[in-house]
Amino acid sequence: MIANLYIIPQSFNHDAFSSEFFFLSLHNLIADYHNLVKYKDENKIYIQEDVFYIDLPNGINLAEFVYSNDLKLTGKEKSLKQTLSNILMKLPQVSTNIDEIKLEISKNSIDSSTGIISLFPIDNIALDNQIVYDVNSWFHFRRHHLGLFFGDSNYFINECVKYFPNIFFHDNNYSSVDKILKDFALKIIKHLVALHDVLPMIMKNETFSNHADLLVHFSSKAGLDEIATLEGGSKTRLKFKFKNIKGKIEELICEPHLKLCTNDKGDSKYFQNRIYFHFGKDKVEESKILVAHIGEHL
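Overview of the structure.

Thresholds, definitions, all that
Residues numbered from 1 in each chain as written. Predicted model: local features only at pLDDT ≥ 70, side-chain atom pairs only at ≥ 80, totals over all residues. Heavy atoms only, no water. Helix = DSSP H or I, 4+ residues; strand = E, 2+ residues; numbered from the N terminus. Pairing = 2+ DSSP bridges. Contact = heavy atoms within 4.5 Å. Axes fitted to C-alpha atoms, helices over the stretch in contact; angles between N-to-C directions. 1 Å grid on protein atoms, 1.4 Å probe; cavity = no way out; pocket = protein on both sides within 12 Å on 5 of 7 lines; lining within 4 Å. Points joined across faces, edges and corners; volume = space filled by probe spheres on them. Nonpolar A, V, L, I, M, F, W, Y, C, P; charged D, E, K, R; others polar. Salt bridge = Lys/Arg side-chain N within 4 Å of Asp/Glu carboxyl O. Buried < 20%, exposed > 50% of the residue type's maximum accessible area, 1.4 Å probe, protein only.

### Brief notes about the environment of Ser79
Step number 1: Note that Ser79 resides in helix α3 (residues 75–90).
Step number 2: Measuring from C-alpha to C-alpha, the distance between Ser79 and His27 comes to 9.8 Å, with 52 residues separating the pair along the chain.

Quick look at the structure:
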């Protein structure tokens, strides 16, 4: 999917815009920009030509901020200004207005999705179509649209690899997810977001006496549909092969699992679909969380 992302005057124009907020959001934008350009063939960024005339909190317009050499900035703020200048100079300028962008958004598909890059939420545009740098990031935009336009199982898992970089996806997922993808794409994305964004922070900052307690806390913190648990009975079927830093194969039991019990339509039927994973092991697949199986109950 090609993402066409626009920076428009409304991206910078806000009554409650403080200098502190501006530099904080600018820092987040620049940090995320490196993720965008990693897949530059799939992420096209355009800047609306009138953006440069928007006034900033310090009383000057964006063009003056970006290109002036007389601003009395030091340290981090000076570095952010220089980096922003380098980025904006590379972006193609367009005359596309917000109404035309809204029309493009209404036509989003698996081939192409349009969104807006902004420093704060813009009214009358769904937040899922905005990359807002005090709320979310490029990952939020791409993950949401992947849930809507998921394609086949190969496309879906390959895209997940990009947008969940701290998860390792076992090759088994290419076949296992195929049986449930059509009805559970958004649910899968929601639970992968929890695994990628929430679980590592809990594991880093909190301690638990056992994995069961960890999973209960994690499920509550992440707002999962049901409490994640460990598997009962024989674990043989949960053994999956992974590669360690020496290139040797290690067989690990992927016992913890997230429960995909309701489909994207919210039907009353109860499902037994699962995401089986491993918390990760040092020097195995870059020490990432290991997702072994997305699909039906094993």
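### Some remarks on the sheet that holds strand β1 (residues 2–7)
Step number 1: Reading across from one edge, β3-β2-β1-β4-β5 is the order of the five strands in this open sheet, with parallel pairing throughout. At either end of the open sheet lies a strand with only one pairing partner, and these are β3 (93–94) and β5 (130–132).
Step number 2: By the bridge criterion, two bridges tie strand β2 (residues 43–48) to β3 in an arrangement that is parallel. Pairing of Ile47 across the sheet is with Gln93, part of β3.
Step number 3: Across the face of the sheet, helix α1 (residues 19–38) comes into contact with β1, β2, β4 (112–118) and β5 while running at roughly 140 degrees to β2.

### Side note on empty space enclosed by the protein
Empty pockets left among the atoms are what a rolling probe the size of a water molecule brings to light.
Step number 1: Counted under the stated rule, the structure contains two cavities of 30 Å³ or more.
Step number 2: Ile7, Phe12, Leu29, Tyr33, Leu36, Ile45, Leu84, Ile87, Leu88, Leu91, Ile117 and Tyr133 together form the lining of the largest cavity.
Step number 3: Along the lines of polarity and charge, the residues of the lining of the largest cavity split into twelve nonpolar, no polar and no charged.
Step number 4: The computed volume of the second largest cavity comes to approximately 30 Å³.
Step number 5: In terms of lining, the second largest cavity is formed by Ser19, Phe22, Phe23, Leu56, Pro57, Asn58 and Phe65.
Step number 6: The element best represented in the lining of the second largest cavity is α1, accounting for three residues.
Step number 7: Here the lining of the second largest cavity is built from residues that sort into five nonpolar, two polar and no charged.

### Regarding the side chain of His191
Step number 1: Examined against the element boundaries, His191 turns out to sit in helix α8 (residues 181–205).
Step number 2: Non-local contacts of His191, meaning those with residues more than four positions away in its chain, are made with Leu224, Asp225, Leu258, Lys259, Leu260 and Ile275.

### Looking at the pattern of salt bridges
Step number 1: Tallying each qualifying case throughout the model produces nine salt bridges.
Step number 2: For Asp225, the salt bridge is made with Lys190, and the minimal N-O distance between the two is 2.8 Å. On the criterion of sequence distance, the pair formed by Asp225 in the loop between α9 (211–222) and β7 (239–243) and Lys190 in helix α8 is long-range, its members being 35 residues apart.
Step number 3: Classification of Asp225 as partly exposed rests on a relative accessible area of 31%.
Step number 4: Taken together, the shared-partner salt bridges connect Glu42, Arg142, Glu159 and Lys162 into one network.

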